[in-house]
Every structure is written in C-alpha cells, then in structure tokens.
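# Architecture at a glance
The primary structure of each chain is shown beneath.
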Amino acid sequence: MPKRNDLKKILIIGAGPIVIGQGCEFDYSGSQACKSLKEEGYQVVLINSNPATIMTDPNMADATYIEPITPEIIELIIKKERPDAILPTLGGQTGLNNAVILAKTGVLDRYNVEMIGVNLSSIEKAEDRYLFKEAMKSIGLSVPKSIIATDMAQSMKAASDIGYPIVIRPSFTLGGSGGSIAYNQEEFEKMARNGLDQSPISEILLEESVLGWKEYELELMRDHKDNVVIICSIENFDPMGIHTGDSITVAPQQTLSDKEYQRLRDYSIRIIREIGVDTGGSNIQFAVNPEDGRVIVIEMNPRVSRSSALASKATGFPIAKIAAKLAVGYTLDEIPNDITHKTKASFEPTLDYCVIKIPRWAFEKFPKADPTLSIQMKSVGEVMAIGRTFKESLQKGLRSLEIGKPGFVNELHSVMDEIDDSKRERLKEELIPKLRFADPKRIFYIKDALDVGLDIDSIHKYTQIDRWFLYQLKDLTDFEKELLSPLSEMDYDLLFKAKRMGFSDQQIAILSKSDEQTVREYRKSLNILPTYKLVDTCAAEFKSYTPYHYSTYEEEDETFPSTKQKVMIIGSGPNRIGQGIEFDYLCVQASYALREEGYETIMVNSNPETVSTDYDTSDKLYFEPLTVEDVLNIYEKEKPMGAIIQLGGQTPLKLARQLEECGVQILGTSPHSIDLAEDRKNFKELLNRFGFLQPKNDIAYNMDEVIEKAEMIGYPVVVRPSYVLGGRAMEIVYTPEQLSVYLEKAAKSQIDFPILIDQFLQEACEMDVDAVSDGKETLICGVMEHIEEAGIHSGDSACVLPPITISPKVCKELECQTARMAEALKVQGLLNIQFAIKDDKIFFIEANPRGSRTIPFVSKATGVEWAKIATKVMVTKRLDRSTITIPVVNHVSVKEAVLPFGKFPQEDALLGPEMKSTGEVMGVDSHFGTAFAKSQMAANLILPSHGTVFISVNKNSKSKIIKPMKTLVQLGFKILATEGTRLTLLEHDIQTDFIHKLDEGRPNLVDYVINGDIALIINTPSTQRSIDDGKYIRQTAIRHNVPLFTTVQGLIAAVSGIESLANNDLQVSSLQELFNL
Amino acid sequence: MLGQILLEDDSVFIGQSFGYEGDNLSRMGEIVFNTSMSGYQEILTDPSYSHQIVAMTYPLIGNYGVNQEDLESSKVHLAGFIVREYQSNYSNFRSEQSLKDFLIEHKIPAVEGIDTRRLTRHIREKGALRGIIAIGNWDEEKLKDKVRKSPLMEGLNLVDSVTTQSQYDYPANGRKQYHVVAMDFGVKTNILRMLTERNCHVTVVPAALSSNRIMALSPDALFLSNGPGDPAAVDYAIQTISELIGKIPIFGICLGHQILALALGAKTYKLKFGHRGGNHPVQNLDTGKIEITSQNHGFVVDQSSLPSDIGVSHINLNDQTVEGIRHKNLPVFSVQYHPESSPGPHDSSYLFDQFIEMVKKTKS
C-alpha cells in the first residue's frame, strides 16, 4: 500500500539536549525522518530545543520550533500548527515520554492528532516493567525474576525474595539512569532509595541478576502488513552487568551458531508482534546463559534507539529514514534500497566485515565520580570501526578513541619492559580486581594480563568475557611479539600480516623502535597500502551505488576517485565533553555548502551517532579513525584539492601540522595562524602591538615559579596546564593556600608543566564573538553575553544574543577588535574570540581562529548559516558581503548548558573554568526573561511561579541580591535564608525566615528539599570552605530536580524569567516565522 | 600450507590451507558464494553443494566450532571451502570440535586468507565459474588445464552421487498420521525433521525408484527433496514424477521444485551466479507478505514456460524470479527456497503446515 494521503502535516518530536544516555544519534535519526517525510510531500513540523542539531536547520522542516520539549509547549505548537499526526519514535526516550503524556492527557484527541509509528498501548506494554513481563510470559518467553516496588518496605521484602546480587532499575529513566547492582543489603538500601528518587513515578524494578551472561541486541523493522526484518544483530563483548551503552559491542553476533541465532530472531519477531509496534524500528535485548544457552528477554525499545543508529551505520540500512516511511503507510517491499537501487528494503542486510563500537568516557572531567562500569550508562560518546576481521576492527576502534592509545596496547606497563618473576606476580595481583570490576581501561588491562601470562580461563573467570573474544586478544598479543624487531628486518609478509591485523604504523613504530613517518615510508616502499571496501548491505551480491568506504588490507580496492574538484572534511571523532555535536553540525554544513558550490565532498569520521557519517551527507564517506595515518591514506588515494580542519574541533586541529608536513593542503586559516593564537607569547605580543588588553598573565615551569608568579599577578588567579581541551584541570584560586592545594593535586595527577597563570577578573562580564573573515573583510556572526560571570567555562555558561547589559558602544568596539584580530591572524573562515568586560574595559581572554562551539547557536539565533559561508571562504579565499543577507532580529536567544551531574552523584554541581556540560538548549522569545525561562525549561528546570526560595550567598554577592529578592517577594515568594544572608535581606526590609545550616541542627535545608518544600535554590560559594559546605545542598537540589543557581547573575536572570512568566503567556514561534523564511 | 583457488578465467586467489591437506590435494567444482553470516556447519553438510567450492562472504568462520546436532547429512558434500579468516579458537556451549578437525575428518580442503569480497565481486560480474582448490605447491598451468577439462554444471546429473542407495524410514515424532514418501535427490535432515514433527512417517527412497514402486508403498503424499546439479539432467525422476502428478499430493523443495516444474512441462535455466544465503526476500503472492528465506540454488524455473494450469505462488523480490509454484487444480506445490531453513530464518515453515493440510484434505 502506498503512502497515506489523509495526512498532510506531521509533527516530529526531537530528543532535546545531548545528555549521557541520549546523544547525537537522535539528530541523525530526526534529520533522516524530516528529510524522508518532506521528500514524500508531507509538511513537517519539528520541535527540538537543541540548536546544535542539523535537524533544526530551517530547511529540514516546514516549521521548526526551537522550544522546550515539554507537553505544555508541544500542546501550544499543536494548537497553532494543527498537525494531522505526531511521530514520536525518532526522538529517543524524550520523544516517547512526551507523546505518552500528550496522549494520556487527551491533548492528541482534543486536537485530533493521530500518533503514528507506535501506539500508546504498545509504548506502555514495552516500557512498563510489569506489563512487559506479563506480555513475555504470554508468548512463552522468560524474563529475569523480578518484583516491582514503590517504597522502601516493598523493596526490602523483594530483595529478600530475590536474593543477592540484585539489580535495581528505576522505571521511565534515560539510559538506565539510577540503575545499579547491589551485592549486599547495605548497598541495596542506599541504591533502592536512590532509584525510587530518580524514577519520575517513584517505582523501581528489582531483578534477578544475570551478571556474566552473554548479551545480545537485535534491531528489527516492521511494517503495517506485519512484515518483519532483522536489520542487525549485535553481541556485547562486555557481558551482562555493564550497560550496553558502556559496553564494547560487535556486529554481527559472533559466538552463536545459526540455530541459536535463529532462536533469538524468532523470539524478537514474536516480541514485536506481541508488543504491537505498528511500524518502524525496535530494539530487543537478550541475555543468553553461556552454560546452556537459556535465553532471557531483558528489554525492548519500541522506537529508534542508540543501537539503531549504530546498526544503521554498521549495515548501511537507514533505519530512521525507513521507519519514517513505514509510519506513513509504505510497506518494506515498496521502499527501494538506496545502496543497491535494484533491491528493496524488505530484506536482511548481510555483512562481509566486522564492526566494533567502543564507548568513550569522560571520567577525567569528574574525578570524584565512580568509574566502575555497571548498569547505569556513564559514557559520553562512542566510536565505530569497520574492518574485515575482529582484530582489525578492534585496533581501528581503539585508535579512533583519541585517548592516546594507538591500538590494543598495555595500560600498566610496556610490552618492551623486562618483567622479572616478582614483578610479574605483583602485576597479576594488581590486575585481578581491575579485570573483575570493569572501568574504561579494562580492555587495556586485559592486554597487560595476557602479557604477564594470565591464561584465557583465568581472564574469563574474572571478566566473564566470552573466550572467543579473549582468544582474539591473545592472537594480537602473541603476534605483537613478532614485531619486536628492527623495521629493516620486517619483510613484506610480516608487515602485511601486521596491517591486516590492524596494527597502526604508530604501534609498529613503537615496537620496532622507529617512528611513525619512517614506518609509513617503509610500508609504502613495500607497496603495502590499504584497500577500500564498501559497506553495501549485501556482501557484494549486488552492485552498489553508495560510496560508503572503510579501509582494510586486501587485494582489491573498490574506490574510484573522480577527477572532480573535491574537498576532504575531517570530522570531530567521538563525542566528549568539550567536543560534541556542535562540531559535527559544522562539518555537515561544510559538506552541504561545498556540494551546493559543485565540489565533491569527502567526509572522514569515526562517530556512528552523527549526521556526518550518514552516507548521503557527503559525496563520499570514509568511516575511519581520525589519525594521521588513516587520514593521509585517504588523502593520497583521493587526491582532493585540500582538507578542511577548522570545523571538527580539536581532533582535526591536532592532526593539522603533521598532515601539512606530509603534503596535505589545508584549506582556510593556516595551522600556523591557529598555533599563533594558541601560543601565549606570540599572542601577547600581537595584542601589545595593537594596544589591546589582556588579563595579566605568565607562564611557570615549576612549582616555585607558579607560587612566585601568582603572587606577582595578584590573587585571584586562574591556573591551568598549557595544553588542555575544554578547560581541563583549570581552576580559579583565591589564596596561596588554595594554590598549594591545586599544585598538590596537579602533582598527583601528573599534570605537565608549564602551567599558565592568569589574573582573574572578578565579576567581569564574559563575551563571545564569532566572526567569519577572509583576512581582509570580516563579518560578525554574533556577539553573545554570558549570563554567568567570567571564570565559568564558556561551554557551561548560559549566554544571550544579542547582549542585554553591554552598551552598544562597547559592542561596536568588540566588533572592531575582532575584525582587526581576524586580519592579523590572516583568518580564512571562522574566528571566535572570548572577551571579558570590566568597567567598560575590554580584555582578550582568548582567540580561536577556527569553528567554535557557539556557531550552531549563533546560526539559529541570527538566521544565517555561518558555517556554510565560512566554508565557501575557505575554498574561494574570498568573503563576498554582497551575497549574504542578514535578517533583522527582533528576538532574544538564550543558550543554556545541560550538565550531567545527575549521573555522577558524587560530583559537586558547581560551575567553574573546567567544562562539564554535555549539551545545550536554546530559548527564544521577544523578552529576555521569557527566553531565559524557556532555556531553563528546555534544560529540564522549571522556574517556579510560587513557593519558597532558599538563598545562601557569600559576602561579595550580598549587595547584589537585594533587587532580585525584592522582586521575588513582590511576586509572592517566601524566602528562607541562612543567618548571614538573612541579616542582609532584613536590613533591606525583605522578610526572611531563618533556616539551619546543615551542621546547625534540624530541620535544615536538605530536609525541606526532600519534603518538596523548596521551589528554588540560590547558593553561591567562593571560598574553598563554603564550596565544601554547599556541596551537599547542591547535590540534594540536583537529586530532587529543584532549580539551582550558583551565581548571582544566574539568580538575576532567573528572577527576570520568573517575572516574565508571571506577566506573560508563553508563546511559541518557529524559525521560519522569526526570519520570514 | 599454501592453498589456492584457480578459476576457469585464469584468475588466482592465494591463501593458506586450514582443512584437509592430503598429498598434493586438489578438487574441482563450481565456485559459488554464500552470504549467510552463520550456519557454516549446515552449509558444509548440505548435499546440494555437491561439486561446488563454497566461499563464505562473512569473513570470520569457525567461531562456534562444530557440533553433531546441527549436521544436515552425515557427510560433507562440497568440494572445497573458502573463508577470509578461519577461527581456530572457538567458543560455544554446544561445540564439540573445531571446524578444522571436522574438515580434516571429512577430508575437505579449505583455504583461508582469501580476499573473499574480491572473489564474490568477480563471480557477480563473471557468473559462477568452474574452478579448482589446490593445496600445496602446484604448477599453475597444470591446474588451469584441470579446470578447463572439468565438466560444466549445466547438464550435470549430481543426484546419482548423493541419493540414498537404499530405502529407509524416518518415523513420525508422535502418532503416525500420514505416510510420506520422500524422493531423495540429496535431502537435508531438517526437512525430514520438519515432516516427522508434523506426525508424518517418512520413507526416504532412492531418486531412481519407479512410480509403480513408489505407489506400492501406498503413501499419502510425495515429497521431492532438494539436491545438487542440473534438474534437467535427472530425466528418470522427471518421468517418475510426471506419472505421479494427480495421483497423490506432491510438495517439492529446491531441486525437487525444479524437477516438479519440468515434470509439469515447464523449463529451467541457470542463473548467472545463483542465490545462496539467508536473507533473500520472497513475496507470497496470495497474502502479499514477505518472507526472509534461506536459499541455495543455481537453476531456476522459467516463468514464461509454465503451463496455464500452473500458477506462480512466490517470487523473489531481488530479481523477480519464480520462488514457488502451485497447480491450479491438483494438490501439487513446490518452492525454490528452503522453508526448513538450517541455516537461515524460520519465516517459511508454514509451508510444511500447508503441505499437511493438503494431505489431510486429500486423504479425507
């Protein structure tokens, strides 16, 4: 049956900000869905609060709402747009949860909106633990023994029935949030309580543990005629007990015979039918007992999931796109397979390669968080690698992580170390617990374990990883020894074998005591070059038309480089804190811009969650690690006119110099200029030349110098190691005592000198300016004022465009200084400058002549696709102002950062110079207050309209809280304050009740929060002591999702938001309306 | 030891031996590829691969070892086996031995380290070719000569070499309700299992058994099995079946389906490189529904040659070829693909139920 003609307008719900457990894979799926529905002639209405997405580019939908994804706001959009249908299966758990509420509260019925793709009862059957369990029972499948509890008494009883270890899973949370495994009663009590808190319906599922069982996932698609196909099977390298998002996973499955695999396939089909997912994709997870093959169903996602994104990239089958088409009535046999043209989507992809996904964590950002991997997802990104063998894929995957590991290498020692027997025994002792309790380094500890002679059975016993995988690792370890010889003694056969097993030139260089460049030259002299194969869904059975490539060492190469003018774009690799979807957005825009101009584009990236690795984003896609070796190989094969390195964040930047030395033409601002801006000394000279200001600063090469120079500059100072990403290990210190604490920590975590010391401009206002330039002509993209004061990492700070407190004169001056800097740095492309404004004086904080994190936000706020303009400058070397229309902007846009503290309860939720946020949202309105309130709402913090405000601020802040607190009182809020703050407020006639500090007696603030009596918390610390005091308050606020502001500026903005909300009804506007598109 | 594959167009693929090595061993056969990602054990023991050298497109083979339960016949029928990376270390709770030991036991040469994707693309472009798998050091010219002299698959009767020599019984799993005679052209065990699970007592008979002797067994129905080679070359079976059409219900699979079509007066022809794998979409033309099927055939029934009383019941969605036929008036039907799977998906097992229904109806 062809598509439905009764539907005209379809609403798609996006997934909102990037958070742990819900990453940029939903930009990929949402973009595919938008494109796919538009292609079919439907009008698409989109809501997504995340400006850093391709899906929110105004040309992806007919009406794009960058608004908070809440049922109330969606209702406003429905009321205004009157869509015929809502498609909720492509926006992750957020999309699904919102759709459920809209359906249950009757909104969908009221406006006559049909839910397509899935229905309410299926969602409930799949998501409600009890209904799911009953459904599985009814079709004869087993689930782990489990009991649902809604309070502690029930929990304790359930635990004694089930026994230990026991799994605790809160209902309706993202990425297994709040999930844990308890091994004893004491742990259980703590975890169960936490789980009940985290579940929006205060419900937990207590479950029999199947720790160590083999873990599988199947990705299915179903159409409305009940045709079901399995797109991909995935086997977890890390068995049950570690969240699949934190597991290394492999596709296709490796260790089941056909009989056992077909059983899982049969079960999956039975499940999707029983749950009743009408059309689209689903993901089903199984545990298989390694001893007897007994199968248990773990869960089902009745929607496109993180694994679907992986499965799409792993097979070449575009799940989200097809899911959208199925939702509007097509059947699988009516949809063509893009890759083969000839065949249809009604088949099961077959792979002739092995795919590995490896998560990437960010524990270096959260030193207090527990890095043990368990059933709650903690990773922030992932890489995927494709090779012809598991060994090759694994090594490619490990070097794709960009964590300084060139492949499958050691963690605790070097393979070249002489290890005597006593050291060997010591290492074994040390390794056993590390194997037993997985953390992000476990894969490398296994290498250590194999090297010190732990046998496969022992490693299996400790890790419960299937022996098949361990044998693969052992093969690599054994073979590696053959590479411990001088390069000149390696013959063709040995080196070819090494490359076939995925050894990087860098690994070979280390083993042969050579260097990467020499290995490369030697390898090329032996004519050992990679061949590029195709991901084609059909193992070469049919001719394919989509150039989606991966490298391997084989006999036949399938690339046919064209003779067109072409440009290579180097992507941003795995998501991490400080480098996320924003950079993928830039790379995708670059590809679109170049294709518009008639260039052929070649995308290189290793991140399966992205739009950039969609096979139709660029003319050619190379799914490869972003290392010098892998990128150069492609460059030399394709011979493009050059490579763009300024849009993918630090990843391509780090490669730029070496690539340039190896003959790669870098398009846009030269690496030399980029380095110049990074180099403190040169940059200082440059500023001095122009007479521009900078906070006082210096460089220290040892401990003593740090102390001495900090003294000279004057406290407070900002200290940080010189080469950092996202402000790692950066701190503001107010006293010499704090500095010595910092230095002690630095010594422990082996932070490298030199250390940079900057004067900290207290209470300065921080500004971000983005510009595009050709080195002569410069155009300002946007000027943003940070809400939080200078000192908070710009990635974590809320900001507003246009500025609201800075005078036009100062803004003009900022623009002038930016233009002069662009000229001085010979910028070709993008430039981002961070300024601090204090007493109307402008200070340079830093200049980055490359694409910045803020460009996507600026683009959405100004209605101009700046990354496209910049890309065109990079290839034409000319910025032509006359071709650019800049719409008049009558609205205010606020960007807010989204923080992962909820996942890391041990961490202090304070903002500082080190970036911690995983994502961002945007609020748009004609008033700043409402725009800010919307940004908070989008970040899942609802500003209260009434209730009690708790405030505790430090001395410096006290004078500034009077005005906003008066407003709150006028709005009817009750104020609670700690003694010092209370006295200040009373002096200004603000009626305030006293509340105990935590150590002063009870009831204290925490009691109030837990009882739900607090609507808003303001807690600003500045000295080390109050940082520690406030930590518990902040953690409690986060646990109970009470809006928390840790800066006075944040308070002022919040009050302005509360005031606006009280005085105005919420309005929603699409980008198309705002910019008259 | 060195292992190589040489094709009739003189292309050469070199790897290492990982199976039976013998003394300067070489085996000839048609080179084909199979796209199943699992199920190598069933493929190895499927009699339909007789005289073929099979390359697996999935690169890692041997992962879960070999067990006795998943064999499709008592021996390995294919002439040689080609993989990208053999897995000497296997892991599975049912495995009993390594694939290598199994191949050696059955004296089957196998080569790993081959760029199997190159080989697949080659076959895709050139069609299935004759070739040779050779272990050890060989003179290339000599191998070329051997390949050139090897027989073409077209016109080749391979049923004689795989059919049972003597009749045997496969008793019903529960109560015996129907007696089915299965003509053995190279039958897979799972087909017999599917029948016995449905209360059929199966008598497996040699392919050359005459129609009179079949009827003398007083069967309720006739089953025509899968098997290797060119269906047109099995003239005696075509004759036998044509004598039985209309007398008893008939169900055929794969070669059985082709021979049935020939007996009904249709023609078969050889596909360029055949269908071998577990992901082929087949549409049931009665219901419109799609089945993901297990396939293994090089020949196919020519749709235009079907007599008017024969309808097409199933088609392949990849190339629109005939996947199933049904007599419009008589209880006779057959499919080109493998509803018994093994290896492959179970979407089509309903065909066995349909067969039973048909037998039941005819009987009453």
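Residues numbered from 1 in each chain as written. Chains lettered and ligands numbered in written order. Predicted model: local features only at pLDDT ≥ 70, side-chain atom pairs only at ≥ 80, totals over all residues.

## Some thoughts on the interface of chain A and chain B
Taken together, the contacts link 44 residues of chain A with 40 residues of chain B. Looking at the side of chain A that touches chain B, the elements with two or more residues in it are α9 (258-275) and α16 (467-482) of chain A. For the side of chain A that touches chain B, the element with the most residues is α9 of chain A, which contributes six residues. Among the residues making up the side of chain A that touches chain B, the classes are represented as 15 nonpolar, 10 polar and 19 charged. (Contact = placed C-beta atoms within 7 Å. Helix = DSSP H or I, 4+ residues; strand = E, 2+ residues; numbered from the N terminus. Nonpolar A, V, L, I, M, F, W, Y, C, P; charged D, E, K, R; others polar.)

## Details of the sheet that holds strand β6 (residues 146-149) of chain A
All names here are of chain A. The sheet built from four strands is open, its strands ordered β6-β9-β7-β8 with antiparallel pairing. Every interior strand has two partners, whereas the edge strands, β6 and β8 (180-182), have only one. Each strand of the sheet is rotated relative to its neighbour by a mean of 25°, with strand direction disregarded. Both strand β7 (residues 166-170) and strand β9 (residues 204-208) contribute to a ladder of five bridges, which runs antiparallel. Bridge pairing links I168 to L206 in β9. Across the sheet, helix α8 (residues 185-198) is in contact with β7, β8 and β9; its angle to β7 comes to roughly 15°. (Pairing = 2+ DSSP bridges. Axes fitted to C-alpha atoms, helices over the stretch in contact; angles between N-to-C directions.)

## What to know about unusual backbone geometry
A cis amide bond links Y715 of chain A with the next residue in sequence, P716 of chain A, at an omega value of -10°. Mapping P716 of chain A onto the fold places it in the loop between α25 (703-713) and β25 (717-721). Note that the residue after S342 of chain B, namely P343 of chain B, is joined by a cis bond; omega there is 5°. As for its placement among the helices and strands, P343 of chain B is situated in the loop between β19 (332-335) and α10 (350-363). Even without glycine at this site, N24 of chain B takes up a positive phi of about 50°. With respect to the element layout, N24 of chain B can be found in the loop between β2 (12-17) and β3 (26-34).

## Details of the sheet that holds strand β12 (residues 249-251) of chain A
Sheet strands line up and pair through hydrogen bonds in the backbone, either parallel or antiparallel. Residue and element names in this part refer to chain A. Strand order in the open sheet made by the seven strands is β14-β13-β10-β11-β12-β15-β16, with antiparallel pairing throughout. If you trace the sheet from one side to the other, it starts and ends with β14 (295-301) and β16 (381-387), each paired once. The mean inter-strand angle of the sheet, taken between neighbouring strand axes irrespective of direction, is 25°. When strand β10 (residues 214-222) meets strand β11 (residues 228-236), the two strands line up antiparallel, connected through seven bridges. Note on β11: the bridge partner recorded for R222 is V228.

## So, the domain arrangement of chain B
Residue and element names in this part refer to chain B. In terms of domain boundaries, chain B breaks down into domain 1 (2-149) and domain 2 (159-363). Averaged C-alpha coordinates put domain 1 and domain 2 at centres separated by 27 Å. Each partner contributes residues to the interface: domain 1 has 23 residues there, and domain 2 has 23 residues. Mapped by element, the contributors of at least two residues to the side of domain 1 that touches domain 2 are β3, α1 (40-44) and α3 (116-126). Among the elements that make up the side of domain 1 that touches domain 2, the one with the highest residue count is β3 (three residues). Its residues assigned to classes, the side of domain 1 that touches domain 2 comprises eight nonpolar, 11 polar and four charged. (Domains from an automatic or database assignment.)

## Notes on helix α35 (residues 1048-1063) of chain A
Count 3.6 residues to each turn of an α-helix, and residues three or four apart come out pointing the same way. The terminal C-alpha atoms of α35 of chain A, which comprises 16 residues, lie 23 Å apart, in line with the 22 Å expected from a rise of 1.5 Å per residue. The buried count for α35 of chain A comes to 13 of 16 residues, which makes it a mostly enclosed element. (Expected span 1.5 Å × (residues − 1). Buried ≥ 20, exposed ≤ 12 C-beta atoms within 10 Å, placed from the backbone.)

## Observations concerning the packing of helix α14 (residues 442-451) of chain A against α16 of chain A
Residue and element names in this part refer to chain A. Close contact between α14 and α16 brings their axes to 10 Å; oriented N to C, the two are set at 60°. Classified by the interaxial angle, the pair formed by α14 and α16 is oblique. Regarding α14 and α16, the two cross each other, and that crossing is right-handed. Contact residues: α14 offers I446, K447, L450 and D451, while α16 offers L473, K474 and T477. (Parallel < 35°, antiparallel > 145°, perpendicular 65-115°, else oblique. Left-handed = near helix turned anticlockwise from the far one by under 90°.)

## Topic: helix α23 (residues 671-678) of chain A
Residue and element names in this part refer to chain A. Buried within α23 we find P671, I674 and A677. Each buried residue of α23 sits inside an arc of 125° when the element is viewed along its axis, so together they form one side. In this structure, the buried residues of α23 make contact with α22 (650-661), β23 (666-667), α24 (680-690) and β32 (841-848). (Arc of directions from axis to C-beta.)

## Comments concerning the confidence of the model for chain B
If pLDDT is low for a region, its predicted coordinates should not be looked at in detail. Averaged over every residue, the pLDDT of chain B is 97; residues scoring 70 or more account for 100%. Complex prediction metrics read pTM 0.95 and ipTM 0.97. (pLDDT = per-residue confidence, 0-100.)

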